[in-house]
Every structure is written in C-alpha cells, then in structure tokens.
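Spelled out, the chains give:
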Amino acid sequence: MSLSHEQARDYLQAAVDGRLSAEAAEELQEHLERCVECRQYAAQLAELEDRLSRSLQMRWTDPPRDKQQVHQTVVKVQARIEKRKWARRVFDAAQAAAWVGLAVALVVVVGWIFAVVTPQLATPAEEPVVTRVIPSPTPLPTLTPLVVVEPIPTPELAPEQERTLTICKGDEPDTLYLYGGSMLAQSQILDAVYDGPIDNRSFSYQPVILNKLPSLADGDAIVKTVTVGLGERVVSDAGEPVTLEEGVQVRPSGCYSADCAVVFDGAPLEMEQMVVTFTLKPGLRWSDGEPLTAYDSVYSFELNRDPDTPADKQAVNRTARYEALDDYTIVWTGLPGHRDAEYFTHFWSPLPAHAWGELTPLELVEAKESAREPMGWGAYVIEEWVAGDHIRLRKNENYWRADEGLPKFDTLIFRFVGQNSSANIAALLAGECDVLDQTASLDEQSGLLLELQAVGKVNASFVTGTVWEHADFGIMPVESYDRPDFFGDVRVRQAIAYCVDRQEIVDQVLYGQSVAPDTYLPPEHPLYNPEAQHYPFDPAAGMRLLEQAGWVDHDENPDTPRVAQGVENVLDGAPLAFNYWTTNASQRQAVGRIIQDALAECGVKINLEYWDPGEFFADGPDGPLAGRHFDMAQFAWLTGVEPPCELYTSSQIPAEENEWSGQNYPGFSHPAFDAACNAARQSLPGTPEYEQYHHEAQRIFAEQLPVIPLYLRLKLAATRPDLSGFVMDPTAQSEFWNIEEFGIQEP
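Quick summary incoming for the structure in this document. (Residues numbered from 1 in each chain as written. Predicted model: local features only at pLDDT ≥ 70, side-chain atom pairs only at ≥ 80, totals over all residues. Heavy atoms only, no water.)

1. Regarding the overall build of the chain
Counting its regular elements, the chain contains 19 helices and 24 strands. Within the chain, buried positions represent 49% of all 747 residues. Taking all contacts inside the chain whose residues are at least 6 apart in sequence as the whole, residues at least 24 apart take part in 66%. Summed over its atoms, the accessible surface of the chain is roughly 36,200 Å², and 51% of this surface lies on carbon and sulfur atoms. (Helix = DSSP H or I, 4+ residues; strand = E, 2+ residues; numbered from the N terminus. Buried < 20%, exposed > 50% of the residue type's maximum accessible area, 1.4 Å probe, protein only. Contact = heavy atoms within 4.5 Å. Areas by Shrake-Rupley, 256 points an atom, 1.4 Å probe, with all protein chains shown as cover.)

Below you can see the structure in the form of structure tokens.
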C-alpha cells in the first residue's frame, strides 16, 4: 500500500509515541526512501523530541524513566522561558536602582537640613560680656541665610498594566455571522460577544439573559386545543410541516403516536398547539449602549426565516408565530401537531436591528458589521480581525454584569496558531498562550499534558463530551452483500461485547480519562438508565454464549477461529471471521488493534481495514455504512440533552425507499424498541412518561445490542496553571461559555 503524506506523518507520530507496528514501520521506511518532504519532516520531529527531552528533564526533579513518554512538543522552551526571566530581572533591577537613587538623594537633603539649618534657627548667638554697668541693647543674633530647598517631585506611578488573556486556537472561523456558519471556532469567539442567551451545560439548559426557562408546570408554556381546516399549516404524523389537505395523515388532539393518527378528510379537526412565553431580563444593552429588546429577538427570527439566510430552517418551519408583546416579552407559537421536548429553547438569539436594519439578509451574510465584527451584548467587543493571525477584543463597558467586576480581563486575543500540537504546547509553556483550546489538536499529546500537569506546568482539562464512539454490527445488510449471517443471533453480539476489553481501550488510548457507557447516553445524563445491561470484560462468558449460539472451537487451537455448527443461515464449518472497518484516524487504528487481539482470544478473527473518511461516510447505496454493506464498523454519533434513540428505530434504516437517508446503519429492527423510543420522543419533560419511556428504550437497546458503545470521546484543552474560572463542560459546545469569569489566581 502506498502511503499518503498525511498517513506518513501519522506513522511518524506513532513511532515517536512507541506504538508503530513492525509492518507499519516497513511501509514508512519505504515511503521515506521515496519522499524528500517526509524525510525532512521526520528530521524536524526528531529534533523536537530531543529538545523536549532536554528541556523538560532540566525542569523536572524526577525525569520520566521512559523517554517515549516525552512527546514531541517544545521548540526552545527553556530558551524562551529564560529569556523572559532575564528580561524581567533587568527591568526589575533598573526600576529598583532608580527608586534607590531617588531615596538616597532625598535622605541626603533631609539630613543636611536637620544637621545645618535647623540648629542655627533654634540656637541664639552668645550674649556680649558686660564690663561696666552701662545700659546697652542686647545685640540680635546673626542668622545664617536660609537655604531654599526645591521640593522634590513625587514620582508618578505607572498606570496599571492592562490585563490581557491570549487564547491560542487551532482553527480560524470562516465567519462570525450567527447565521453564516456552524464551526466550533466560530461559537468559541461568539461566546465572548454574546452571553447566552441560553446555555447548555451538564445535559440541561440554563437561562442567561432570560428571567427563567418557560415550563408547563409554571404555566408560561401551555398546550392548547385548536381547530384546523383545509389549507392551514400543521405538522404531520411524520413530523414534517405540511399544508393541510385531504389525504394528509395527522395526529388529532390527545394522540401522541402513529397508532391513533387519522387521515384528514377535509372536515375541521382539533389538534394540539404549544404556546411558550419568554421574558428578558431588564437593563440589557448592546455594546454601543442601545437597549436590547424583545424586538431584536423577533428581528433575528425574521432573518433566520428569510430564504437568503443560509441557516437551518427546522425550527422556523415549525413555528406559526413569533412575536414581541412589549420590550421584554416574546411569545412562540408552534404549528398545530408539533410537540417538542425542547420547547423552552425556542428563543431566537437577539441581533441588533438598530445597527443592521439597513442591510438586506443577503448583504448580512458577508457584511463587515455582521460577519467580521458583529455587535453583541456579551463581555467583550471585537476591535479587529487580522485574517490568519488573530482577533482582538476589548472589555465591553456596557456589559450587563459589569457591576460584578466582569469581565476580569481588559483585552482578549484569539490567536490562530494551527494544529501543530508540539509548537502549541511549547507556546503555552513559554507564556505566549494562556489557553490552548479544543481545536489545537492536543489529543495525541494527552500523555505529555498529564505529565506536565503533574509537575505544575499546565492545567489539562479532560472532559467526556457528547460524542460517543461505537462498533456497529451489520445485523441486516442489503441483499446484494453476500456473507454469512454472523450477527442475527443476539447472543453473538453479546458475546463479542463480553470479549472486548473496553476499559483497556479507555486506559491505553484515552489515558484513563473516559468511560465506556452501556447505552447511547453517558452515565451522567439525567435520563441514563443505571439498570441497563452491563457488559464487563468477561471472555469466559463470551465464549459460553458463542458455544450456545453454535460457534464451536472445533480444533482447540487458539490461533484459528471458531466455526459454525448448526447456526441458522450459516453453512456448517464456516469460520467466525469477518471484516472490521473504520477510518484511518490514528486513535481508531489503535482501538481496532486492541479489539482484534481481544477477540482473537475468544476465537473470533477480524480483518482490520482503514478507510478514507470521505469514502467511509459516503451516501448510500455506494457508501459502506449508509449502503449497509459491512460486517462490523466503528465510528461515532452525537448525543445531547435529548436522547438520540431514534438512531436505531426501524424507520431510520437506510434503504432505496427512503433514498438511503436513515442512520440506522446496522439495520436493527425491534418493534418494542420502536414503540418505547417513539413514545419517549412524544412525551414532554416534567411528565412521568418522559423518563419512563426513555429508560425502557435504553433497556431494550442494551439487551439487544445493535452496537457496542466503546467510549465517550474527550474534549481536551490546556491552560496556564494559575488561570481560574476555566470549566470544560460535557454539553457546552464551547469551553468559553463563562469566559467573563476567567481570571488569574492570586499567588
């Protein structure tokens, strides 16, 4: 196989980390013989490794025993640090000398005044000797002329130095227009410009510039019954916004599943409609001092709805009305038939109508006022964006929390440093960066960051996020994919789960910083079912299940796979050997090797193959996942506040009938799971049914096991050790959700 430049660099990184196989090393050697560019990169990598080893061993009292723990990271770190220390010492010495000189001069002058001038002012001259008694006036004492001492000016104190926070980012956003992009790099910067309006932390939502989140219990969210007729906009039984006409299937009032849906026949029909009221906090202002009102939120909604605005229309298309009742009150009304468990989030982030109102929605996509320097109400105001280098922001004097002493920094700089993790960590250690964010590609340096944290040089923040990695079984492949039915029997799927040491994956690949969940929800999710079936590493249990399912160890040779004996839809003697596919990401390759070794111990042979992501995730019918022609495949899905059980419902199986649009790649179909998931999705938070059905869906999922949840992917950032207020959160998209509270700890 011919390596690409990117693959060669991945191999070189793996070699530095000590995890490159012999076979891969041979491939790398062949590539380096042909490729001058990669040989130069290898030389640079070796130099970085050597410099890091020397610099860090000078800083550590107990150097690492294994040099491989010292990853390629710092370029001249020690020199940079010493240079900064030397400059600081010179400045301090000069400053101290100036003050000492001034103090000495002052002491000399004052001493002279007390020694010379004061005694002469206080002591009279000697009286003349009387030789005869003749009245005579007493002579006046002769005074020494006064010396006028010029007042010594009080030295002016230097103004307090501006407090600056420098955040180094791996990615630069394409735009800062709220409706112009969705990059993580964009949301991180906008967290400094817009505070809220609603935060998403710890698998729940929190109001920021709203008085509260509406709820059915409090009465500021209601479900009312309305009568609909021909031609009105409603949400159909399939959950899509449609114009009501004869033949459309809808859910009448009181119906929350497809079982009770009816076909509209033209007669007036009663349906349910949600109405939600939001109230802004008083005293909010834009950074230019103008009041922020409910009408700014309505303006934002209208922009979102406009066809020229390149934003997702799912929420606006399911909205009947969005209106401001006064400066503080906004009411959202959904289309009849639309039941949304996250109804309390249907508040549109305000945009400055007074500043942008003269621009059309199309112009706003690229205008400087919206795309480069958008106005906000948050802690900071954008001053400049130098493309490819940095974005500079200053403290917002009109910030609504300014009376709390926030934000704590005067200047905020986002530097775009690229994704060279070695150089980025070097910059952090040298004081050129205060924060390395999630986009700085620190994953491969997890071990090094833990070492640096242990000696107090950095703070490394490892948080399990909302992305969960899993290994999917091809339970029901397309008919054209001809292979034995390995996974139709749930016992085989369970056996493989027992044979995979998921904790070893967490410990070896993720440095023990993650967890292996049992469902599609992380354990800290409030709707997680703790009673869901658990699959600890238990090869003996796995092999027993394989025997029960008809996969036998016919020759008692651990080097050969088990074979079928009486397995339904499988020829006797067929080996338990199949493909295991994933992308060519280095982390996934490492996981694949661990799984391969573990399954071999249970008599299961897997053939690892690594795909280019573009081909791996290609649309059906050609893509292996969406086209459902794979054996086992490893990739990731996103979870969140609302559990994603719909991923594994029968309606989500990609097929020609739905134009290969579903995401149930295993082809898992289970009526009881479908019923539980659909009922959960139609329930509303705060009702007993909401938790009950979500728990039931997870119970069935863990028992039937269409996929093996492997681990939660990590969100990783690093900061200077004395930075306070930095809190990584599982569900907050950006780690800067509370950037106004970042500060420096007092020594």
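Now that the structure has been shown, the text picks up again.
2. Observations concerning the packing of helix H18 (residues 671–682) against helix H19 (residues 688–704)
Closest axis-to-axis distance for the H18/H19 pair is 8 Å, and the angle between their directions is 150°. With respect to H19, the axis of H18 lies roughly antiparallel. The two elements H18 and H19 cross, and the hand of that crossing is left-handed. Residue-level inspection shows Ala672, Phe673, Ala676, Cys677, Ala679 and Ala680 of H18 in contact with H19, the latter providing Tyr690, Tyr693, His694, Glu696, Ala697, Ile700 and Phe701. Residues of the contact of H18 with H19, tallied by class, amount to 11 nonpolar, one polar and one charged. (Axes fitted to C-alpha atoms, helices over the stretch in contact; angles between N-to-C directions. Parallel < 35°, antiparallel > 145°, perpendicular 65-115°, else oblique. Left-handed = near helix turned anticlockwise from the far one by under 90°. Nonpolar A, V, L, I, M, F, W, Y, C, P; charged D, E, K, R; others polar.)

3. Some words on the pattern of salt bridges
Applying the stated criterion to the full structure yields 28 salt bridges. Note that Lys395 and Asp410 form a salt bridge whose closest N and O atoms lie 3.4 Å from each other. Residue Lys395 is located in strand S13 (residues 390–395), and its partner Asp410 is located in the loop between S13 and strand S14 (411–416); the two are separated by 15 residues in the primary sequence. Notably, a salt bridge pairs Arg401 with Glu741, separated by 3.3 Å at the nearest N-O pair. Remark: Glu741 occurs in the loop between strand S23 (723–724) and strand S24 (743–744) and Arg401 occurs in the loop between S13 and S14; sequence separation between them is 340 residues. A relative accessible area of 31% means that Glu741 is categorised as partly exposed. The structure contains a network of salt bridges with shared partners spanning Arg401, Glu404, Glu740 and Glu741. (Salt bridge = Lys/Arg side-chain N within 4 Å of Asp/Glu carboxyl O.)

4. So, the sheet that holds strand S11 (residues 329–334)
Hydrogen bonds between backbone groups are what pair the strands of a sheet, and the pairing can be parallel or antiparallel. Taken in spatial order, the four strands make up an open sheet running S4-S9-S11-S10, and their pairing is antiparallel. Two strands lie at the open edges of the sheet, namely strand S4 (221–228) and strand S10 (319–324), each paired on one side alone. Pairs of neighbouring strands in the sheet enclose a mean axial angle of 20°, with direction left out of account. With five bridges connecting them, S10 and S11 associate as antiparallel partners. Bridge pairing in S11 links Ala324 to Ile330. Against the sheet, helix H6 (residues 294–305) engages S10 and S11, with an angle of about 150° to S10. (Pairing = 2+ DSSP bridges.)

5. A short note on a negative patch on the surface
On the surface, a cluster of negative charge is made up of Glu23, Glu26, Glu30 and Glu33. Mapped onto the elements of the fold, Glu33 is located in helix H2 (residues 22–34). On the basis of relative accessibility, which here comes to 57%, the residue Glu33 falls in the exposed class. (Patch = residues over 30% accessible without salt bridge, like charges linked within 9 Å, V, L, I, M, F, W, Y side chains within 5 Å. Lys, Arg positive; Asp, Glu negative; His and termini not counted. Charge placed at Lys NZ, Arg CZ, Asp CG, Glu CD.)

6. Looking at empty space enclosed by the protein
Tallied over the entire structure, the rule returns one cavity of 30 Å³ or more. Within this model, the largest cavity holds a volume of roughly 70 Å³. Lining the largest cavity are Arg251, Pro252, Ser253, Gly254, Cys255, Tyr256, Glu272, Gly337, Arg339 and Gln682. Of the residues assigned to the lining of the largest cavity, the class counts are three nonpolar, four polar and three charged. (1 Å grid on protein atoms, 1.4 Å probe; cavity = no way out; pocket = protein on both sides within 12 Å on 5 of 7 lines; lining within 4 Å. Points joined across faces, edges and corners; volume = space filled by probe spheres on them.)

7. Brief notes about the sheet that holds S13
The strand order across the open sheet built from 10 strands is S12-S13-S14-S1-S15-S22-S16-S21-S19-S20, with neighbouring strands paired in mixed fashion. Lying at the two open borders of the sheet, with one neighbouring strand each, are strand S12 (380–386) and strand S20 (605–611). Note that strand S19 (residues 577–583) and S20 share seven bridges and pair parallel. Within S20, the position partnered with Phe578 by the bridge is Ile606.

8. Overview of the pairing of strand S9 (residues 269–279)
Counting buried positions over the 11 residues of S9 gives eight, a clear majority of the element. Both S4 and S9 contribute to a ladder of eight bridges, which runs antiparallel. Looking at S9, one finds that Ile222 is bridged to Val275. Where S9 and S11 come together, five bridges link them in antiparallel fashion. Counted as the bridge partner of Val275 is Thr333 from S11.

9. A word on H6
The end-to-end C-alpha distance of H6, which contains 12 residues, comes to 17 Å, matching closely the 16 Å that a straight helix rising 1.5 Å per residue would cover. Taken across its 12 residues, H6 has nine buried, putting it largely inside the fold. Among all positions of H6, only Ala294, Asp296, Ser297, Val298, Tyr299, Ser300, Phe301, Leu303 and Asn304 are buried. Contact partners of the buried residues in H6: helix H7 (314–317), S10, S11, helix H8 (353–356) and helix H9 (361–364). (Expected span 1.5 Å × (residues − 1).)

10. Things to note about the packing of helix H14 (residues 502–509) against helix H16 (residues 586–601)
One way to put it is that H14 packs onto H16 with a least axis distance of 10 Å and a crossing angle of 140°. The orientation of H14 with respect to H16, classified from their angle, is oblique. Judged by the twist between their axes, the crossing of H14 over H16 is right-handed. Where H14 approaches H16, its residues Glu504, Ile505, Gln508 and Val509 are matched on the opposing element by Gln587, Ala590, Val591, Ile594 and Ile595.

11. Examining the state of the cysteines
In total, this model carries four disulfides according to the counting rule given. Shown here is the disulfide that connects Cys168 with Cys433, its sulfur atoms set 1.9 Å apart. What sets the handedness of the Cys168 and Cys433 disulfide is the S-S torsion sign, and at about -85° it is left-handed. One end of the pair, Cys168, is in strand S1 (residues 164–169); the other, Cys433, is in the loop between helix H11 (421–429) and strand S15 (435–436), and 265 residues separate them in sequence. What makes Cys168 buried here is its relative accessible area of 0%. Two residues share a disulfide in this structure: Cys255 and Cys260, whose sulfurs sit 1.9 Å from each other. Residues Cys255 and Cys260 share a disulfide whose torsion about the S-S bond is about 100°; that sign makes it right-handed. The class of Cys255 is buried, set by a relative accessible area of 6%. Sequence-ordered numbering of the bonded cysteines in the chain gives a pairing of 1-4, 2-3, 5-6, 7-8. (Disulfide = S-S within 2.5 Å.)

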